[in-house]
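# Structural description and commentary
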Amino acid sequence: MDNNIKLLLGITDPNLTIDPKYQYTSYIEEKIIKNSKALLCHLYLSYPMYCPNCKALMLHNGTKVVNNIHLSSAGKKLVLSIRKQKYLCPECKKTATAKFKDTNYHDHFSNAVKAKLVRDLSLSRPMCEIAADSFTSSNTIIRSLENVENNFKVNCNWLPSHLSLDDFKSGKRFSSSGMSMCLINAVNHRIIDIIPERNNKFLRNYFIQYSYKARLSVMTITVDLYAPYRSLIKELFPNAFIIADKFHVVTQAYTAMNKIRIRVMKEYGAGTHEYRALKRFWKLLLKNQDDVDYHRYYPRINFKYAELSDSEVLDRLFDMSSELKTAYEYYQLLLQMYRKNSCQLLNLLTDTVSWNLPPEMRQALKTIKKHKAEIENSFVLPRLTNGPIEGVNNHIKVIKRIAYGYNNFKHFRLRILLSLKNLASVLFDKEPINMINANRSFNYCNIKGFTLL
């Protein structure tokens, strides 16, 4: 067997040769093995062996045929039928058998097959499909998945300076609330760990395993508006500043705007001109005011084909309801606040009298007032958001869907960590010292009491 054939088959053992019994015939034959067609490759493994006990050169003592499943070839299962040399020590009578370097002891799958299984598990593919392609069973794939668990052990002596937390729906099998937690590095967006529960008791027991020095090194934590996280963060991360994720703050007003629009539609009644107009132009009501078109005119079917720009359409919608106009102005002020990272606009929002707003929008005002300090922190560090972690959550949904759910959280966690960027990919990523845009004149010290460690 020359090196080209070994390279094509993915064999690295230099002692493996074509079986002399098949030297003058084809050493590869097509055969039915376990009710499926397979390619059987006859090989011979022999090399000088010295006794591990007395160090004497061992004598040949017959052979032993072992079948090893290798990487598929031409879409067919490839089985290496290796005739291994057996040895006998003339001094101490100890016996031994030649070892195939590409396969672990007492294992019938080559290391190349196991590496391919792990590589396939990092893709969005169901296990049954991976098993069919590799001519293995689901149990073999699960064993390969469990073998990589040691690569994803948490380092309890280190945490990044900027953390990001968010929950995702995992199911009642793993959590009483049906929600689990994803923990990532907010700078390089690499996953640190997947936590099965999100309740405070479980999270406290989880984070307490990290050393006190590691928890002190955390400077900021970006989270959503879930209230129980606040007390836990202050207890476990004394130096950390909480940053309220802007997506969740804006979502409060976004949802309120939709509720007000639907309420006004129902007040007019189905089939009316106002009902149809509010239903058709719902996206325009939620659009950022800076992106509204003031110059181009189009015939509008809901307004008797009048040539109107987007801004004129909005004016006609506001004529239908003064509450809708008030809510729209408050919603746009909130969007402008985040676009300009303006504390002045934030103060203007919080100083608004609640009774001036529609009932649905008062909840957004209440949320902004409650998390005002955390929103100000997000202005200082505008690049720290939960946007990347929301993308991770979408990928987790895909992993769950293709598997039709998981019964074992350990397998679920390993599949997520294999599929996404994590700390095992790059062990020590250097974090940028300055996370702020170059056109900003302030630094971390703009947050009261914030110091770089």
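Reading the values: the criteria
Position labels on residues start from 1 in each chain and follow its written sequence. Since the coordinates come from a predicted model, pLDDT governs what is reported: local features require at least 70, and pairs of side-chain atoms require 80 or more to be given and counted, while whole-chain, interface and lining totals use all residues. Hydrogens and water molecules were not included; the side-chain quantities draw on all heavy atoms of the structure. In this description a helix means any DSSP run of H or I spanning at least four residues, a strand means any run of E spanning at least two, and both kinds are numbered starting from the N terminus. Radius of gyration means the value over C-alpha atoms here, while the globule rule gives 2.2 Å times the residue count to the 0.38 power. Note on definitions: a residue-residue contact is assigned when non-hydrogen atoms from the two residues lie within 4.5 Å. Methods summary: accessible areas were calculated by the Shrake-Rupley approach with a probe of 1.4 Å, and residue burial reflects only the protein chains presented. Under the counting rule used here, the positive set is Lys and Arg, the negative set is Asp and Glu, and His together with the chain ends is not counted. Note on charges: their place is set at NZ of Lys, CZ of Arg, CG of Asp or CD of Glu. Relative accessibility thresholds used throughout: buried, under 20% of the residue-type maximum; exposed, over 50%; partly exposed, between the two (1.4 Å probe, protein chains only). Here, axes are lines fitted to C-alpha atoms. For helices the fit covers the stretch in contact, and angles between N-to-C directions go from 0 to 180 degrees. Any angle that falls under 35 degrees is termed roughly parallel, while one over 145 is termed roughly antiparallel, one within 65 to 115 roughly perpendicular, and all others oblique. If you view the pair so one helix is near and one far, a crossing is left-handed when the near helix is turned anticlockwise from the far one by less than a right angle, and right-handed when it is turned clockwise. Three classes are used: nonpolar for Ala, Val, Leu, Ile, Met, Phe, Trp, Tyr, Cys and Pro, charged for Asp, Glu, Lys and Arg, and polar for all others, with Gly counted as polar. Definition of nonpolar core: a set of buried residues of the types Ala, Val, Leu, Ile, Met, Phe, Trp, Tyr and Cys, connected through side-chain atoms within 4.5 Å. In the analysis that follows, any N or O atom pair within 3.5 Å is treated as a polar contact, provided that within protein one partner can donate a hydrogen and the other can accept it, and provided that, for residues neighboring in sequence, both atoms belong to side chains. Only strands joined by at least two bridges in the DSSP assignment are considered to pair. pLDDT is a residue-level measure of predictor confidence that goes from 0 to 100. Counted as salt bridges are all cases of a side-chain nitrogen of Lys or Arg within 4 Å of a carboxyl oxygen of Asp or Glu. Two rings belonging to Phe, Tyr or Trp (six-membered ring only in the last case) form a pair when the distance between their centres is within 6.5 Å. Interplanar angles under 30 degrees mark stacking, angles over 60 mark edge-to-face geometry, and anything in between is tilted.

Counting secondary structure elements, the chain contains 17 helices and 13 strands. In terms of overall dimensions, the chain is more spread out than a globule: its C-alpha atoms have a radius of gyration of 32 Å, far above the 22 Å expected for 453 residues. A principal-axis box enclosing the C-alpha atoms of the chain has dimensions of 100 × 60 × 45 Å. Taking contacts inside the chain between residues at least 6 apart in sequence as the whole, the part at least 24 apart equals 61%. Of the accessible surface of the chain, which amounts to about 24100 Å², a share of 53% is contributed by carbon and sulfur atoms. Mean positive and mean negative side-chain charge positions of the chain (66 and 39 charges, respectively) differ by 7 Å.

Here the focus is helix 15 (residues 372-380). Buried within helix 15 we find Glu374, Ile375, Asn377, Ser378, Phe379 and Val380. Where the residues of helix 15 are buried, they touch helix 7 (228-236), strand 11 (241-244), helix 8 (246-268), helix 12 (322-340), helix 13 (343-350) and helix 14 (359-370).

Now for the packing of helix 2 (residues 111-121) against helix 3 (residues 127-134). Look at helix 2 against helix 3: their axes get within 10 Å of each other, and the N-to-C directions meet at 150°. Between helix 2 and helix 3, the interaxial angle falls into the category roughly antiparallel. The hand of the helix 2/helix 3 crossing is right-handed. Across the interface between the two elements, Lys116, Leu117, Asp120 and Leu121 from helix 2 touch Met127, Ile130 and Ser134 from helix 3. Within the contact of helix 2 with helix 3, the residues separate by chemical class into four nonpolar, one polar and two charged.

Now for the nonpolar core. One finds Met257, Leu317, Met337, Met361 and Ile375 to be the most contacted residues of the largest nonpolar core, which totals 43 residues. If you list the elements that add at least two residues to this core, you get helix 8, helix 9 (273-280), helix 10 (282-286), helix 11 (310-320), helix 12, helix 13, helix 14 and helix 15. Take this core: its biggest share by element is nine residues, from helix 12. Non-local contacts of Leu317, meaning those with residues more than four positions away in its chain, are made with Ala277, Leu278, Phe281, Leu285, Phe303 and Leu324.

Put simply, helix 13 and helix 14 touch, their axes get as near as 9 Å, and they point 125° apart. If you check the angle between helix 13 and helix 14, you find them oblique. For helix 13 against helix 14, the interelement crossing comes out left-handed. Between helix 13, through Leu346, Leu349 and Thr350, and helix 14, the contact on the second element is made entirely by Leu365, Ile368 and Lys369. Class assignment for the residues of the contact of helix 13 with helix 14 results in four nonpolar, one polar and one charged.

On to the side chain of Gln85, then. If you trace the backbone, Gln85 turns up in strand 5 (residues 76-88). Reaching out from Gln85, the side chain makes a polar contact with the backbone oxygen of Gly62 at a distance of 2.8 Å.

Here we come to the pairing of strand 7 (residues 162-169). In summary, the side chains of a regular strand alternate between the two faces of the sheet. Within strand 7, seven of the eight residues are buried, which leaves it mostly tucked inside the rest of the structure. Bridge analysis of strand 7 against strand 10 (residues 220-223) gives three bridges, and the strand direction is parallel. Paired with His162 across the two strands is Thr220, which belongs to strand 10. With seven bridges joining them, strand 7 and strand 8 (residues 179-185) adopt antiparallel strand pairing. Of the residues in strand 8, the one forming a bridge with Leu165 is Leu183.

Moving on to the confidence of the model for the chain. With 93% of its residues at a pLDDT of 70 or more, the chain has an overall mean of 86. Taken together, the stretch residues 426-453 has pLDDT below 50 and engages in 46 contacts with residues farther than four places along the chain or on a different chain.

On to the sheet that holds strand 9 (residues 191-195), then. With mixed pairing, the five strands of this open sheet are ordered in space as 9-8-7-10-11. The outermost strands of the open sheet, each flanked by one partner alone, are strand 9 and strand 11. On average, each strand axis in the sheet is tilted by 20° relative to the strand beside it, whichever way the strands run. Here strand 8 runs beside strand 9; their pairing, made up of four bridges, is antiparallel. Following the sheet pairing, Met181 is matched in strand 9 by Ile195. Contacts between helix 7 and the sheet are confined to strand 7, strand 8, strand 10 and strand 11, with strand 10 contributing the most and set at about 165° to the helix.

Further remarks concern the pattern of salt bridges. What the rule picks out here adds up to 20 salt bridges. Among the salt bridges present, the one from Glu267 reaches Arg263, with a minimum N-O distance of 3.2 Å. Remark: Arg263 and Glu267 occur in helix 8; sequence separation between them is four residues, near one turn of the helix. According to the relative accessible area criterion, Glu267 is exposed, its value standing at 57%.

Further remarks concern the packing of aromatic side chains. What characterises a pair of aromatic rings is the spacing of the ring centres plus the angle enclosed by the ring planes. Tallying each qualifying case throughout the model produces 14 aromatic pairs. Ring centres of Tyr206 and Phe207 lie 5.2 Å apart, and the angle between their planes is 80°; this geometry places the pair in the edge-to-face category. Judged by relative accessible area, which is 10%, Tyr206 ranks as buried. One aromatic cluster is present, formed by Phe168, Phe174, Tyr406, Phe409 and Phe412 through successive ring pairs.

Take Gly62: it is sitting in strand 4 (residues 59-73). The exposure class of Gly62 is partly exposed, given its relative accessible area of 41%. The spacing of Gly62 and Thr97 is 35 residues in sequence and 9.7 Å in space, taken between C-alpha atoms. Once residues lying within four places of it in the same chain are set aside, the contact partners of Gly62 are Lys84, Gln85 and Lys86.

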